[in-house]
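# Geometric and topological summary
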Amino acid sequence: MIVKNEAQHLERCLASVAGLVSEIIIADTGSSDNSMEMALSFGAQVIEIPWEGDFAKARNRTLRQSSCSWVLVLDADEAAGGWRADVLNELLSAEQVDGYFLPFIHYVGEADSGDYVTDNVCRLFRNDERIVFQGSIHEEAASSIWALPDGKIAYAAALPVRHYGYLDEELRAKNKTARNLELIQTALQHDPESIPLQYALGTEHYQQGAYETAAGLLLPLLKTAPAGSGYLADIYMKTAYALQACGRTKEAKAAYEAGLRLFPDFTDLLESYAVLLLEEGELQKPYHLLKIALQSGDTAQKYPSSSGSGTSRTCVVMGQVCERLLRYEEAADCWEQAIGYDAGCAAAWAELVPLCLLAGEEQHLTALTRQTLQAMPSELLGRCIPAALNAHAWEWLQVLAAAPQLPASVQAILRVLPELFRHTQILDAAAAAPLERLLRAGPEQPWVHGYLWAWACRTGDVAAAGKWLARLAPLRPGLAAVHHRIGLESGGGDPAWPQQSHTDPSGDPAAKLPGHADHPAGAAAIQPISFPGLSYAAQLLLQAGAWGSLLTLYRNTSPSLFQWCRLPQPLLRGLLQAPAPFREQWCSIYSSHAQQYGGILCSAEWLLYAAVADSCGRVPQLDPAAGKALQQSGSAAAALGLSYHKLLLAAEAFPGKNPRGSIPWLLLVRSALRDGL
């Protein structure tokens, strides 16, 4: 090793090889911290050498100190990743191998992101005076091994090295970019024709996001870099992406095509090209490219790669393409495969959860969650639980609630909510007592206060609703306007001081709430209703089954604000779980809004209306102008919905000739939303 002021990392590095190496040789280039004391504590032999701005020269001086038959070279910000002594010894006993490419995992971005890029670097080789490093920066030893008679470098998949030096905090702390640029430019002054140095310079600018500069440096190398260089594939990848990032799309496509002719199974190249084509609206070619990438799988052994390429990340992108092609089952399969690679793949769960819920596949989601529950991060569970509540997916919620990684406070509320909310006939205000008891553990629990407010709306308990609103007002100021809006529609008397409640035809009391009178600052403090406040309230009311209050809110709010399709998608499934009288009235309100505001409100909203109407056994209404707008939207989902609508109209005109099968209305809603309609 060569080291300078690496006390922060050195212990992790040396501990990772403890018991695997026979000697540790560290060249110090001028440390002023306790790096060398730490090295000595591991039994290292420490030598001091001057830093001359040449990494290869420094490394080669340490190589001359080694006495063992094999040499492992590491940096302080690297660590062996779970190496086993028996595996290592077996590799070192191979007679025909002079060195090994080790799979390097370079973590990038923020430390907690888990993102990484990979490449393969020859850092384990025989102690042979002919094997030396070359290059003042980005030095490498592979060339000297290949120059040996019959020199052979094998690949050691079981010996990964984890590198933490590319994390944002490290780059900032050490100003590595400026240092590297200075070293590369100095070296280029001595050897301006060096392709490796030109590649290194382009890579530095690429990593900084200076894509125009990077493209200018890398593009000429596509013609000059030798085919067997080992980094040509990476030049194609970085060049194509840099061209794409700075808007030179035509040149980017040419670079992708040329690269794939040479490296047809390079998954990063395949996926990146597919994404470019997707941005231009193509679907079939990206589908083909991603299929090849998934068939190729993880190709990190052959090419520089990034986390999830050919596996989880590529599966997520492929699922998105399949969904845009309306191949919903295939999309779900792709996202499930991504979760198979990585149980905590948040991107895959974010796609799969609403798809399964909207398709009515709660059981499938429940089974998958059982299989992966122990590996799901608590942050991911925290996003799944509201989805289950919004969809009234009580069986799935029960599985989620069993996760030991959930905080105790969340587990406690999940023991209460399903039992309270799933029974639509319970209208007793006293039934919320278990919820109130949760406040004994800590009175400041806004999620509990929110559910208590929604329950008061369900049962028509005016006093309780005002009480819980007052507790929530400082944290959720938008809720006061919603509370007031529900009160205005209660009917009879001063809406701020309702005298009684009535029962909605859905069978649920629509609470006559005290409106702004209970708001701490009075009527003047009531703000105009906002979508965030409306979304929060709508979710609480739907989860709690406060159907009458939810209808009141919908009826009395402009559809330009209350767009159901802007709410979390699982809630749309919960909408279809509502009692039939509620769904009937919901359709009537939609129709009146559509008439009042001129035809169709938006494609996705009409498809949702069609789903709710269909669930009531009704043929959705659609006037000619609105139908024409749907047809001209260019959405495949809208076109499919229109076709099925015509079948329903035909069946209504000719009884007994009902169309066979059904249509996934809610999935079409999701597709229309993807299309921005």
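Coordinates for the structure precede this section.
Residues numbered from 1 in each chain as written. Predicted model: local features only at pLDDT ≥ 70, side-chain atom pairs only at ≥ 80, totals over all residues. Heavy atoms only, no water.

### Some remarks on the overall build of the protein
Counting secondary structure elements, the protein contains 33 helices and 12 strands. Oriented by its inertia axes, the alpha-carbon framework of the protein measures out at about 95 × 60 × 45 Å. Out of the 677 residues belonging to the protein, those deemed buried represent 53%. On the protein, roughly 29,900 Å² of surface is accessible, and the fraction owed to carbon and sulfur atoms is 51%. (Helix = DSSP H or I, 4+ residues; strand = E, 2+ residues; numbered from the N terminus. Buried < 20%, exposed > 50% of the residue type's maximum accessible area, 1.4 Å probe, protein only. Areas by Shrake-Rupley, 256 points an atom, 1.4 Å probe, with all protein chains shown as cover.)

### Topic: the pattern of salt bridges
Here the structure, examined in full by the defined rule, presents 23 salt bridges. Where Asp-98 meets Arg-126, a salt bridge forms, and the shortest distance between an N and an O atom there is 4.0 Å. Placement of the pair is Asp-98 in the loop between α4 (85–92) and β6 (99–107) and Arg-126 in strand β7 (residues 116–126), with a sequence separation of 28 residues. Residue Asp-98 is classed as buried on the basis of its relative accessible area, which comes to 15%. With a closest N to O distance of 2.7 Å, Lys-302 and Asp-265 form a salt bridge. Linking Lys-302 in the loop between α14 (284–296) and β10 (305–306) with Asp-265 in the loop between α12 (249–262) and α13 (267–279), this pair joins segments that are 37 residues apart in sequence. (Salt bridge = Lys/Arg side-chain N within 4 Å of Asp/Glu carboxyl O.)

### Observations regarding helix α3 (residues 55–63)
Counting buried positions along α3 gives seven out of nine residues, so the element sits mostly inside the fold. Among all positions in α3, only Phe-55, Ala-56, Ala-58, Arg-59, Asn-60, Thr-62 and Leu-63 are buried. Buried residues along α3 sit in contact with β1 (2–3), β2 (25–28), β4 (70–72), β7 and α7 (176–190). The distance from a side-chain oxygen at the start of α3 to the backbone nitrogen of Ala-56 is 3.1 Å, and the residue carrying that oxygen is Asp-54. (Contact = heavy atoms within 4.5 Å. Polar contact = N/O pair within 3.5 Å; in protein donor to acceptor, adjacent residues only side chain to side chain.)

### As for the state of the cysteines
Throughout the structure, instances matching the rule amount to zero disulfides. With no disulfide of its own, Cys-345 lies 8.6 Å from the sulfur of Cys-315, the closest cysteine sulfur. Exposure remark for Cys-345: the relative accessible area of 9% places this residue in the buried category. No disulfide involves Cys-565; its sulfur sits 5.4 Å from that of Cys-602, the nearest cysteine. A residue is classified by how much of its surface remains accessible, and Cys-565, at 9% relative accessible area, is buried. (Disulfide = S-S within 2.5 Å.)

### Details of unusual backbone geometry
Of note, the phi angle at Asn-5 is positive, near 50 degrees, even though the residue is not glycine. Within the secondary structure, Asn-5 sits in the loop between β1 and α1 (7–17). Its identity as a non-glycine residue notwithstanding, His-392 has a phi of 55 degrees, on the positive side. Checked against the element boundaries, His-392 lands in the loop between α19 (378–390) and α20 (394–401).

### A few points about the environment of Val-317
As for its placement among the helices and strands, Val-317 is situated in helix α15 (residues 312–324). Among the residues examined, Val-317 registers a relative accessible area of 9% and is labelled buried. Sequence separation of Val-317 and Glu-271 is 46 residues, and the distance between their C-alpha atoms is 8.2 Å. Not counting chain neighbours up to four residues away, the residues in contact with Val-317 comprise Glu-271, Val-275, Leu-278 and Leu-290.

### Notes on the pairing of β6
For β6, a buried count of nine out of nine residues is recorded, marking the element as mostly surrounded by other parts of the structure. Neither face of β6 is open: one carries Gly-99, Phe-101, Pro-103, Ile-105 and Tyr-107, the other Tyr-100, Leu-102, Phe-104 and His-106, and all of them are buried. Alignment of β6 against β7, held across nine bridges, turns out to be antiparallel. Following the sheet pairing, Ile-105 is matched in β7 by Thr-118. (Pairing = 2+ DSSP bridges.)

### Details of the nonpolar core
With 164 residues, the main nonpolar core has Trp-396, Leu-435, Trp-453, Trp-564, Trp-586, Leu-608 and Trp-665 as its most contacted residues. Listed in part, the 28 residues of the second largest apolar core include Met-1, Ile-24, Trp-83 and Ala-156. (Core = buried A, V, L, I, M, F, W, Y, C linked by side-chain atoms within 4.5 Å.)

### Focus: the packing of α7 against helix α8 (residues 195–207)
Remark: α7 packs on α8, axes separated minimally by 10 Å, with the N-to-C direction vectors making an angle of 155 degrees. Taken together, the axes of α7 and α8 are roughly antiparallel relative to one another. Between α7 and α8 the crossing geometry is left-handed. Residues Thr-177, Asn-180, Leu-181, Ile-184, Gln-185, Ala-187 and Leu-188 of α7 lie in contact with α8, whose contacting residues are Leu-197, Gln-198, Ala-200, Leu-201, Glu-204 and His-205. (Axes fitted to C-alpha atoms, helices over the stretch in contact; angles between N-to-C directions. Parallel < 35°, antiparallel > 145°, perpendicular 65-115°, else oblique. Left-handed = near helix turned anticlockwise from the far one by under 90°.)

### As for α1
Residues of α1 that are buried: Ala-7, His-9, Leu-10, Cys-13, Leu-14, Ser-16 and Val-17. The inward-facing, buried residues of α1 contact β1, β2, α2 (35–41), β4, β5 (78–80) and α6 (168–174). At the exit of α1 stands Gly-19, carrying a positive phi of roughly 85 degrees.

### Here we look at the packing of aromatic side chains
On inspection of all chains with the given rule, the structure shows 26 aromatic pairs. One aromatic cluster in this structure is built from Tyr-554, Phe-562, Trp-564, Trp-586, Tyr-590 and Tyr-609. Directly above the aromatic system of Tyr-164 lies the positively charged group of Arg-12, at a separation of 3.8 Å from the ring centroid. Note that Arg-476 overlies the ring of Tyr-536, its terminal NZ or CZ placed 3.9 Å from the centroid. (Phe/Tyr/Trp six-rings, centres within 6.5 Å; stacked < 30°, edge-to-face > 60°. Lys NZ or Arg CZ within 6 Å of the ring centre and 35° of its normal.)

### A look at the pairing of strand β3 (residues 45–48)
Each regular strand shows side chains that alternate between the opposite faces of the sheet. Of the pairings in the sheet, the one linking β2 to β3 comprises four bridges and is parallel in character. Paired with Asp-28 across the two strands is Glu-48, which belongs to β3.

### Let's talk about the sheet that holds β2
The strand order β1-β2-β3 describes an open sheet built from three strands, whose pairing is parallel. At either end of the open sheet lies a strand with only one pairing partner, and these are β1 and β3. Two strands pair when backbone bridges link them, and β1 and β2 are joined in this way by two bridges, in the parallel orientation. Note on β2: the bridge partner recorded for Ile-2 is Ala-27.

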